[in-house]
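# Report on the structure
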Amino acid sequence: MRVGRSLPYVFLGPALLVLVILAAVPTLYAVNLSLQNRTLSAPQAEYVWLANYLKLFSDDRFLNALWVSLKWEVLTVSATMAVGIGLAIAMFEAATRRWRMILSVLFIIPVLLPRVCAAFVWKFSFHPLYGAVTWPVRALTGQTPDVLAHPWGAMLTVAFVDVWQWGLFFAVIILKLMEALPPQPIEAARIDKAKGWEIHRFVTLPMLKLPLISLLLVKAIESLRSFDLVYVMTRGGPGVSTETLDMYAYSQGFIEAGNISYASSMAVIMMVLTVILFTSIWKRLNK
Amino acid sequence: MKLSTLLLRIVLACAALMVLLPLLWTLLNAFKTNADLLVNTPKLIFTPVWDNMQYVLGRRSVARALTNSLVICSSAVAMGALLGVPAAYVIARVKNRLTREAQFFALSLRFLPPVAVAIPMMVIWLGLGFYDTRFALIVTYMTITISITVWLSIPAFERVPIAVEEAARVDRLGPYATFFRVALPIARPQILAAIAFSFILVWNEFLLAMMLSTSKARTLPVVASEMSQLGMNVPWGVLNAAVVLLSLPPLILLAVAGAGMNSVFSRKSTQD
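Residues numbered from 1 in each chain as written. Chains lettered and ligands numbered in written order. Predicted model: local features only at pLDDT ≥ 70, side-chain atom pairs only at ≥ 80, totals over all residues. Heavy atoms only, no water.

Going by this rule: UniProt positions are given in the numbering used here, feature names are shortened, and annotations may be inferred rather than shown by experiment.
Naming follows an unreviewed UniProt entry, where chain B appears as ABC transporter permease of Paracoccus kondratievae. Database annotation for chain B, UniProt heading Subcellular location (unreviewed entry): "Cell membrane". We quote the UniProt Sequence similarities (unreviewed entry) comment for chain B here in full: "Belongs to the binding-protein-dependent transport system permease family."

In the nomenclature of an unreviewed UniProt entry, chain A is known as Sugar ABC transporter permease of Paracoccus kondratievae. We quote the UniProt Subcellular location (unreviewed entry) comment for chain A here in full: "Cell membrane". In its Sequence similarities (unreviewed entry) section, the UniProt entry covering chain A states "Belongs to the binding-protein-dependent transport system permease family."

Laid out in structure tokens, this is it:
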């Protein structure tokens, strides 16, 4: 359709220009920084070219952070999808229209909360001495369980908070997707006396395959933003067991050494990994 | 009722309680004294006190952070809406290679890990002398607000029937008048929801705010997280109060934009 001659440029131009500048300048700057040996304390720096990158791959803490990030991605994405699909099916099968509405509003709340808040709410609930979640254990056994002090316990607890925020939200979206499906195939399956779970396993979920994969990708992208949760709940601890890449880059660049250049090289690697990976997957999906 | 339905309803009730209980519990804790809060067996009955709230609201750092958060978020969101909504209209109406690429570009900005933006941005703002200013955070946040506004407004404009716009043209409305007087009013509920969502995103943003500010431009989430480091003991009562205050704006926006949000999601589902 025709929208006038000047309008597309006037409307789209400024936004694109600003976005390109805001995306390109930091990216190029990060690449430039990563080739130097700049620190926060000393303003003068020289080019060391690829030395930072070479150092990264013999840095055990970096390799650990890479591994932790990978675990985090797999854990949170799969748990979020499982919770989302499970609760969506439960709502679809067992909730009346009215209750679906009420539950939908409730399930959207956690994802809208600041992650800092979600982290504090659960950190206090899991507090070994005063927490409400740990209370039954205290009352029954007299012990004070400190889940955040255990490597896997900390990982699972932080992941739990992430899934609490995203899994419930995804349940709402998946429910809306299911409601928008044409009812005939489901009716046909019911007439053929398919059981409830069979209908979803063989009819609804296969029909939703593409949107579900898109959702999975969205969650994978959002899982990269784990910093707030990890920072508030564990600071990467105990030890380095929950230190994700952004947490390590942050502590290298700001807390411990002020190694801005070293942190930048990590940032560049993250950027390259995620942008290339997600772009290629997204383009393939939406072909 | 069938047994399976009953079981599923129990699961749903548990999930609902998982949302409600922690939030209500935090709300209660915000009004407890430390003596009531830091106990072995959680207390349900206690004399509520206003001390924690008063302490949080009375701190100068909080007052400043609240102003910062409001100014930074509303400016970034306003710029995002100003630039993003018209851009989304063009992408929705003109389908060619360039607009497709522009749409994907807006989305792909979300792929950038925040820390990868924060580190160079910090050095850039330090170099320009804008480090720890509201201006620096507003400009940095515009990446988030513009891209998310564009991304969520495109389906809103695609939903406006082309026939309506053609009719406006027959009535001799120019392209700009068509946008402002026809397309924008029709798409308004979803556009408002998109803008509300971008506000929530930057209101909740933590990493960039922490790395790009030290004192003057600190926003609320950062100040709230710093409260856990006051002195030796974590002041949990104060923290709970801070959590409640920080969570209020997104919840209010959810209530206000609820209807519009709903239509964004249902649109998404019919499109997919």
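### Looking at the packing of helix α3 (residues 60–94) of chain A against helix α7 (residues 151–179) of chain A
All names here are of chain A. Keep this limit in mind: Here an axis means a line fitted to C-alpha atoms, over the contact stretch when the element is a helix, while the angle between two N-to-C directions is reported on a 0 to 180 degree scale. Every helix listed is a DSSP run of H or I at least four residues long, and every strand listed is a run of E at least two residues long, numbered separately from the N terminus. Working rule for angles: under 35 degrees goes down as roughly parallel, over 145 as roughly antiparallel, 65 to 115 as roughly perpendicular, anything else as oblique. Helix crossings fall into two classes, left-handed where the near helix is turned counterclockwise from the far one by less than a right angle and right-handed where it is turned clockwise. Amino acids outside the nonpolar list (Ala, Val, Leu, Ile, Met, Phe, Trp, Tyr, Cys, Pro) and the charged list (Asp, Glu, Lys, Arg) are all regarded as polar, and Gly is one of them.
Closest axis-to-axis distance for the α3/α7 pair is 6 Å, and the angle between their directions is 40°. As summarised for this structure, α3 and α7 are arranged oblique, according to the angle between their axes. Every pair of crossing elements has a handedness; the one defined by α3 and α7 is right-handed. Here the residues of the contact of α3 with α7 are counted per class, giving 26 nonpolar, four polar and three charged.

### A look at the state of the cysteines
Inclusion rule: Two cysteine sulfur atoms make up a disulfide if the distance between them is within 2.5 Å.
If you walk through the whole model with that rule in mind, you get zero disulfides over all chains. C117 of chain A takes part in no disulfide bond, and the closest cysteine sulfur, belonging to C73 of chain B, lies 13 Å away.

### A short note on the UniProt feature "transmembrane region" (unreviewed entry) in chain A
All names here are of chain A. Under the UniProt annotation, "transmembrane region" (unreviewed entry) lies at residues 7–31, 74–95, 102–122, 163–181, 202–221 and 260–282. Taken end to end, residues 202–221 has its terminal C-alpha atoms 28 Å apart, with 95% of it in helix and 0% in strand. Structurally, residues 260–282 is divided into 100% helix and 0% strand, and its ends, taken at the C-alpha atoms, are 32 Å apart.

### Here we look at the UniProt feature "transmembrane region" (unreviewed entry) in chain B
All names here are of chain B. Per the UniProt annotation, the sites labelled "transmembrane region" (unreviewed entry) are residues 7–28, 69–92, 104–128, 134–154, 191–214 and 234–259. The distance separating the terminal C-alpha atoms of residues 69–92 is 32 Å; by composition the span is 100% helix and 0% strand. Counted over residues 191–214, helix gives 79% and strand 0%. Its end C-alpha atoms are 34 Å apart.

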